[in-house]
Amino acid sequence: MRPETEDELAEIVAGARGPFAVRGGGTRGMVQGPGDVLETGGLTGISLYEPGALTLVVRAGTPLAEVETALAAEGQRLAFEPMDHRGLMESGGTPTIGGVVAANVSGPRRIQAGACRDALLGVRFVDGAGQVVRNGGRVMKNVTGYDLVKLLAGSRGALGVLTEVSLKVLPVPETQATLVLRGLDAGEAVAAMSTGLGSPFEVTGAAHLPAADETCLRIEGFADSVAYRLGRLAELFPGREAQRETDPEAVAARWAGVRDVAPFHGRDGDVWRVSVRPSAAPDLAQRLGAEAALMFDWGGGLIWALTPPGHDRPARGHDRHGGARHAGPRAAPETHAALGTLHPEPAAVARLTDGLRRRFDPNGLFSGTSAAPAAA
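Residues numbered from 1 in each chain as written. Predicted model: local features only at pLDDT ≥ 70, side-chain atom pairs only at ≥ 80, totals over all residues. Heavy atoms only, no water.

1. As for the overall build of the chain
As a reminder, the rule being used: In DSSP terms, a helix is any run of H or I states spanning at least four residues, a strand is any run of E spanning at least two, and both are numbered starting from the N terminus. Each residue's exposure class comes from its accessible area (1.4 Å probe, protein chains only) as a fraction of the maximum for that residue type: buried when under 20%, exposed when over 50%, partly exposed otherwise. For the accessible areas, the method is Shrake-Rupley and the probe is 1.4 Å, while residue cover comes only from the protein chains on display.
When helices and strands are tallied, the chain shows 14 helices and 17 strands. The buried share of the chain, taken over its 376 residues, is 49%. By element, 51% of the accessible surface of the chain is carried by carbon and sulfur atoms, the whole surface being about 16600 Å².

As structure tokens, then:
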């Protein structure tokens, strides 16, 4: 099923007699329940774009590339740098803005500009009863009742089907540069990234690529300011081998590779995505062992690991460090079955999650499970 309008989608959901597998562009391997495929790709188009107000309103099925092209024409961009999963997942399809919001997809700039949900101003969605729900607005100060905007971001379609999103956008900086440090082990790399992020030089990306022997710190802004801050940033690492990368195209390509986890493209194995405290990242990396290929983002707060199929060490190592781990996004079906795809929630959080699902999706149309209406 591929509705072309919000009303058509609401009618389909209201008349449903079984669950749906909601799909946007089909690129991310998001968890889907059993049932008929319900595609959002027919809900396309930019409803409103006001460059002067830094505001964009767009229907959920609109391709991400279309959104980025429209913004680029006005010298603007999505601040949260959404990842393109196709290379990592070895998938086809077309990334959509609704899929980005549903999964709260956020790239290297999250450490400075915030996640996708932090740029989200408003949403429209169809809940499990077939009702159209609107929350938020088109400006940052608009507050209307419960903050469903933040709730829907990252809900992975479990509470309803997004039909339209409102986003804050930002200007593209004049230039960007990267300071590349070499010869650092995991502990030294996390310390260096923490130093850069704690400095006054407005680092917008901090990543460590062990296989390339590179620890990278990105700075963006006006050309004179970038040159000054890059020099001052380098002074924080005396005695370290450092390269100043100032060609904007080379810098953009480097961080696109970090964003899309390019070092793992075309390689066999399971991919793990593990969120931890940066201070815990070196120990977890050591526990993963030499069998795992690693990449650190978010200053060490996000670890990507490529392991042999069925390897469960990321899950066991994670248990000591808190945070959240995922057995995917790319893993064999038996790995997902044995270890789960998303990290299990604590009991108290799981009860809250179940209550929300019962409220927004009382018949279990989107979560893949049957749920009775919550008690009054």
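2. So, helix 8 (residues 186–198)
Test applied: To estimate how far a helix should reach, multiply one less than its number of residues by 1.5 Å. Here, the arc refers to the directions that run from the helix axis to the C-beta atoms. When checking whether two residues touch, look at their non-hydrogen atoms; a contact exists if any pair is within 4.5 Å. For the purposes of these results, a polar contact is taken to be a pair of N or O atoms within 3.5 Å, where, inside protein, one atom must be able to donate a hydrogen and its partner to accept one; residues adjacent in sequence count only when each atom of the pair is a side-chain atom.
A rise of 1.5 Å per residue sets the reference length of helix 8, with its 13 residues, at 18 Å; its end C-alpha atoms lie 18 Å apart and thus fit the reference within 8%. Residues A186, A189, V190, A192, M193 and G196 constitute the buried set of helix 8. End-on view of helix 8: buried residues confined to an arc of 160°, all on one side of the axis. Packed against the buried residues of helix 8 are strand 10 (175–182), strand 11 (203–209), strand 12 (214–221), helix 9 (223–234), helix 11 (281–288) and strand 15 (293–297). For helix 8, the capping residue at the N-terminal end is D185, with a side-chain oxygen 3.2 Å from the backbone nitrogen of G187.

3. Concerning the sheet that holds strand 7 (residues 132–136)
Using the following cut-off: Strands are labelled as partners when DSSP assigns at least two bridges between them. To obtain an axis, a line is fitted to C-alpha atoms, over the contacting stretch when the element is a helix, and the angle between two such axes runs from 0 to 180 degrees between their N-to-C directions.
On the basis of which strands lie adjacent, the open sheet formed by five strands has the order 3-4-8-6-7 and antiparallel pairing. Edge strands, defined here as strands with exactly one partner in the open sheet, are strand 3 (46–50) and strand 7. Direction aside, neighbouring strands of the sheet carry axes that sit 10° apart on average.

4. Some details on the side chain of T178
Of note, T178 is situated in strand 10. Here the side chain of T178 touches W255 through a polar contact of 2.9 Å, side chain to side chain. Contacts of T178, omitting those with residues within four sequence positions, involve C216, L217, R218, L230, Q243, R244, E245, V251, R254 and W255.

5. Details of the pattern of salt bridges
Operational definition: Within this document, salt bridges are pairs made up of a side-chain nitrogen of Lys or Arg and a carboxyl oxygen of Asp or Glu, the two lying within 4 Å of each other.
Taken as a whole and judged by the stated rule, the model has 14 salt bridges. As a salt-bridge pair, E214 and R254 come within 2.8 Å of each other at their nearest N and O atoms. Here E214, found in strand 12, pairs with R254, found in helix 10 (residues 248–259); they are 40 residues apart in sequence, far enough to count as distant. According to the relative accessible area criterion, R254 is buried, its value standing at 18%. Put simply, R77, E81, R109, R218 and E220 are held in one network by salt bridges that share partners.

6. Comments concerning the packing of aromatic side chains
Worth spelling out the cut-off: Centre distance within 6.5 Å is the pairing criterion for rings of Phe, Tyr and Trp, where only the six-membered ring of Trp is used; planes under 30 degrees apart are then read as stacked, over 60 as edge-to-face, and the remainder as tilted. By the criterion adopted, a ring carries a charge over it if an Arg CZ or a Lys NZ lies within 6 Å of its centre and within 35 degrees of its normal.
Under the counting rule described, the total for this entry stands at two aromatic pairs. Ring centres of F125 and F360 lie 6.2 Å apart, and the angle between their planes is 55°; this geometry places the pair in the tilted category. Placement of the pair is F125 in strand 6 (residues 120–126) and F360 in helix 14 (residues 347–360), with a sequence separation of 235 residues. As far as burial versus exposure is concerned, F125 and F360 are alike and both buried. Between R218 and the ring centre of W255, over which it is positioned, the NZ or CZ distance is 4.7 Å. Here the guanidinium or amino end of R359 rests over the ring plane of F360, the centre of that ring lying 5.6 Å away.

7. A look at a negative patch on the surface
The condition that has to hold: Here the term patch refers to residues with relative accessible area over 30% and no salt bridge, with like charges joined within 9 Å and nonpolar side chains (Val, Leu, Ile, Met, Phe, Trp, Tyr) within 5 Å. The charge count includes Lys and Arg as positive and Asp and Glu as negative, but it does not include His or the ends of the chains. For charged residues, the charge sits on one atom: NZ in Lys, CZ in Arg, CG in Asp, CD in Glu.
Taken together, E4, D7, E8 and E11 make up a surface patch of like negative charges. Here E11 is to be found in helix 1 (residues 6–14). With a relative accessible area of 62%, E11 lands in the exposed category.

8. What to know about the pairing of strand 12
When you tally the buried positions in strand 12, you get eight out of eight residues, the bulk of the element. A two-sided burial pattern is seen for strand 12, the buried positions comprising E214, C216, R218 and E220 on one face and T215, L217, I219 and G221 on the other. Sheet analysis places strand 10 next to strand 12, joined by seven bridges and oriented antiparallel. What sits directly across from T175, in strand 12, is G221. Two strands pair when backbone bridges link them, and strand 11 and strand 12 are joined in this way by six bridges, in the antiparallel orientation. Of the residues in strand 12, the one forming a bridge with H208 is T215. Counting the residues between successive antiparallel strands, the hairpin from strand 11 to strand 12 contains four residues, one of them, D213, with a positive phi of roughly 55°.

9. Let's talk about the packing of helix 8 against helix 11
Note the threshold: Here the word oblique covers every angle except those under 35 degrees (roughly parallel), over 145 (roughly antiparallel) and from 65 to 115 (roughly perpendicular). In this scheme, a crossing is called left-handed if the near helix is turned counterclockwise away from the far one by less than a right angle; it is called right-handed if the turn is clockwise. Polar here means any residue outside two lists: the nonpolar Ala, Val, Leu, Ile, Met, Phe, Trp, Tyr, Cys and Pro, and the charged Asp, Glu, Lys and Arg; Gly therefore counts as polar.
The interhelical angle for the contact between helix 8 and helix 11, taken along N-to-C directions, is 155°, at an axis separation of 8 Å. Taken together, the axes of helix 8 and helix 11 lie roughly antiparallel to each other. When you trace helix 8 past helix 11, the crossing you get is right-handed. Facing helix 8, whose interface residues are A186, G187 and V190, helix 11 presents A281, P282 and A285. The residue inventory of the contact of helix 8 with helix 11, partitioned by class, reads five nonpolar, one polar and no charged.

10. Some remarks on the nonpolar core
Test applied: Residues belong to one nonpolar core when they are buried, are Ala, Val, Leu, Ile, Met, Phe, Trp, Tyr or Cys, and are joined through side-chain atoms within 4.5 Å.
Formed by 48 residues in total, the largest nonpolar core has its most connected members in L78, I97, L162, V165, F264 and W304. Of all the elements, helix 4 (residues 97–102) adds the most residues to this core, at four residues. When near neighbours in sequence (up to four residues on either side) are disregarded, I97 contacts V58, R59, A60, T62, L64, V67, L78, V165 and L167. Ranked by size, the runner-up nonpolar core spans 31 residues in total, among them L181, V226, L233 and A292.

11. What to know about the environment of Q286
Locating Q286 in the fold gives a position in helix 11. Spatially, the C-alpha atom of Q286 lies 9.8 Å from that of G187, the residues being 99 residues apart in sequence.

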